[in-house]
Amino acid sequence: MQDSLNSPPAVRNDVAIVLPAYNEELTIEATVRDFHSALPEASIWVINNRSADRTETIARETIASLGCRGGVINEMRPGKGNAVRRGFLEIDADVYILADADMTYPASEVVRLMEPVVSGNADMVVGDRHSAGHYAAENKRAFHGFGNKIVRDLVNVLFRSKLADIMSGYRIFSRRFVKNYPILVEGFEIETDMTLHALDKRFRIIELPVNYKDRPDGSVSKLNTFSDGLKVLFTIGNILRYYRPMLFFGAVGCLMALAGLLAGLPVLLEFLEYRYILHVPLAILATGLEIVAAVVFAIALLLDSIAHQDRRNFERQLLNQDQR
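Cut-off values and rules
- Residues numbered from 1 in each chain as written.
- Predicted model: local features only at pLDDT ≥ 70, side-chain atom pairs only at ≥ 80, totals over all residues.
- Heavy atoms only, no water.
- Helix = DSSP H or I, 4+ residues; strand = E, 2+ residues; numbered from the N terminus.
- Contact = heavy atoms within 4.5 Å.
- Areas by Shrake-Rupley, 256 points an atom, 1.4 Å probe, with all protein chains shown as cover.
- Buried < 20%, exposed > 50% of the residue type's maximum accessible area, 1.4 Å probe, protein only.
- pLDDT = per-residue confidence, 0-100.
- 1 Å grid on protein atoms, 1.4 Å probe; cavity = no way out; pocket = protein on both sides within 12 Å on 5 of 7 lines; lining within 4 Å.
- Points joined across faces, edges and corners; volume = space filled by probe spheres on them.
- Nonpolar A, V, L, I, M, F, W, Y, C, P; charged D, E, K, R; others polar.
- Patch = residues over 30% accessible without salt bridge, like charges linked within 9 Å, V, L, I, M, F, W, Y side chains within 5 Å.
- Salt bridge = Lys/Arg side-chain N within 4 Å of Asp/Glu carboxyl O.
- Arc of directions from axis to C-beta.
- Core = buried A, V, L, I, M, F, W, Y, C linked by side-chain atoms within 4.5 Å.

Trainee: Tell me about the overall build of the chain, and name the residues and values.
Mentor: Counting its regular elements, the chain contains 11 helices and seven strands. In the chain, the proportion of contacts linking residues at least 24 apart, taken out of those at least 6 apart, comes to 80%. With the model as given, the accessible surface of the chain reaches about 16500 Å², and the carbon-plus-sulfur share is 61%.

Trainee: I'd love a proper account of the environment of T192, names of residues and values included.
Mentor: You can see T192 is positioned in helix α8 (residues 190-200). A relative accessible area of 0% places T192 in the buried class.

Trainee: Describe the confidence of the model for the chain, and please don't skip the residues or the numbers.
Mentor: Averaged over all residues, the pLDDT of the chain equals 87, while 85% of them reach at least 70. Ignoring residues within four places in sequence, the model shows residues 1-5, a span with pLDDT below 50, making seven contacts including any to other chains. When the criterion is pLDDT under 50, residues 7-13 qualifies, and its contacts beyond four places in sequence or with other chains add up to 18 contacts.

Trainee: Break down the layout of surface pockets for me, with residues and values.
Mentor: Estimated volume of the second largest pocket: approximately 270 Å³. Every residue lining the second largest pocket is counted, 14 residues in all, and those nearest its centre are L184, V185, D193, N238 and Y242. Of all the secondary structure elements, the ones that give two or more residues to the lining of the second largest pocket are α8 and α9 (225-243). Sort the elements by how many residues they give to the lining of the second largest pocket and α9 lands first, with seven residues. Residues of the lining of the second largest pocket, tallied by class, amount to eight nonpolar, three polar and three charged.

Trainee: So, a nonpolar patch on the surface: which residues are in play, and what are the values?
Mentor: On the surface, L265, L268, L269, F271, L272, I277, V280 and I284 cluster together to form a nonpolar patch covering roughly 720 Å² of accessible area. At the level of elements, α10 (245-274) and α11 (280-322) are the ones that each hand at least two residues to the nonpolar patch. No other element matches the five residues that α10 contributes to the nonpolar patch. Taking the relative accessible area as the measure of exposure, I277 reaches 33% and is therefore partly exposed.

Trainee: Any chance you could break down the pattern of salt bridges for me, citing the residues and the numbers?
Mentor: Pairing is possible between side chains of opposite charge, provided their charged atoms come close. Taken as a whole and assessed by the stated rule, the structure comprises 18 salt bridges. Measuring nitrogen to oxygen at the nearest pair gives 3.0 Å for the salt bridge that ties E75 to R77. Here the salt bridges do not stand alone but share partners, grouping D200, K201, R244, D310 and R311 into one network.

Trainee: Run through the side chain of K201, naming residues and quoting values.
Mentor: One can find K201 in the loop between α8 and β7 (205-209). The exposure class assigned to K201 is buried, which follows from its relative accessible area of 6%. If we skip the residues at most four places from it in the chain, K201 touches Y243, D310, F314 and E315.

Trainee: Give me helix α1 (residues 28-38): which residues, what numbers.
Mentor: Where α1 is concerned, the buried positions are I28, T31, V32, F35 and H36. One side of α1 carries all its buried residues, which in axial view fall inside an arc of 125 degrees.

Trainee: Which residues make up the environment of L98, and what values go with them?
Mentor: Position of L98 relative to the elements: it lies in strand β4 (residues 93-98). Through-space distance from the C-alpha of L98 to that of F173 is 8.0 Å; in sequence the pair is 75 residues apart. Not counting residues within four places of it along the chain, the set of residues in contact with L98 comprises V18, P20, V84, G169, Y170, R171, F173 and M194.

Trainee: Outline the nonpolar core, listing residues and values.
Mentor: Ranked by size, the top nonpolar core spans 33 residues in total, and within it L19, F35, V46, I97 and Y170 carry the most contacts. Of all the elements in the fold, those that place two or more residues in this core are β1 (13-21), α1, β2 (43-48), α2 (55-66), β4 and α4 (110-118). I73, F88, M194 and F314 belong to the second-largest nonpolar core, a separate cluster that totals 26 residues.

The following block contains the structure:
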């Protein structure tokens, strides 16, 4: 349960630092101190995500000793997506800074990363770990780097973008983005989801290179290469299904139509040669596949119209907010 003494204040904060944390007792104090040193005027909120160690206690003591605004918010539903959602719901700010609580991202670079958002030139700034080669040098998990590359290339192809780091956990957001971002994912696929949402809704994204270092000795990553990788790919599939239905269902329809043609080709050749169909089940299968393909194409057109209308409504919502 959230501590009422540390609940987010009613007044609007200019800058809020959001640090999701799960069993980070070895690194949470240093992370909080580093960000307070870089931005002493910012509020710092640690989103404690069911930690079984002393993460919550250390975070509260550190924030109290520094005398900075902020506190600890407890989110009992597991998963980084749930933690970020809780923070975005309860914390009110003009600029939001999201970072991991494991000392992998340098707080000293936060002012430089904030500048495009503060100046109104970006809705989301991503700390790019890859362009300068820091992630490749520090990362000790080869499959993570391989998975990052697959997801990045897939997103860039599907959304015609040129992003370098899809999964960076170091991001700065405008209030406009945060308050118009529905978080439906629960786990580590949150970074991919927010990137895809920004691309689909045409928010302005800027990537800036940042230093990256692996976790200190004794600190263990909560990522599971295969299960979390599958979740990320599943998230991309869902985004396509929801936001690019013509591409998603159109591809399914094309596959069905092609399968129907392949199944029907022997039947057609047989009919041309003998004027008689011997493989009746194959003819029924081919007909069924083509009917299914036609239905899927109709669904694609319908859902594409709905998605287009959703984008229009979203743009209208943003305009109405800006006029308030």
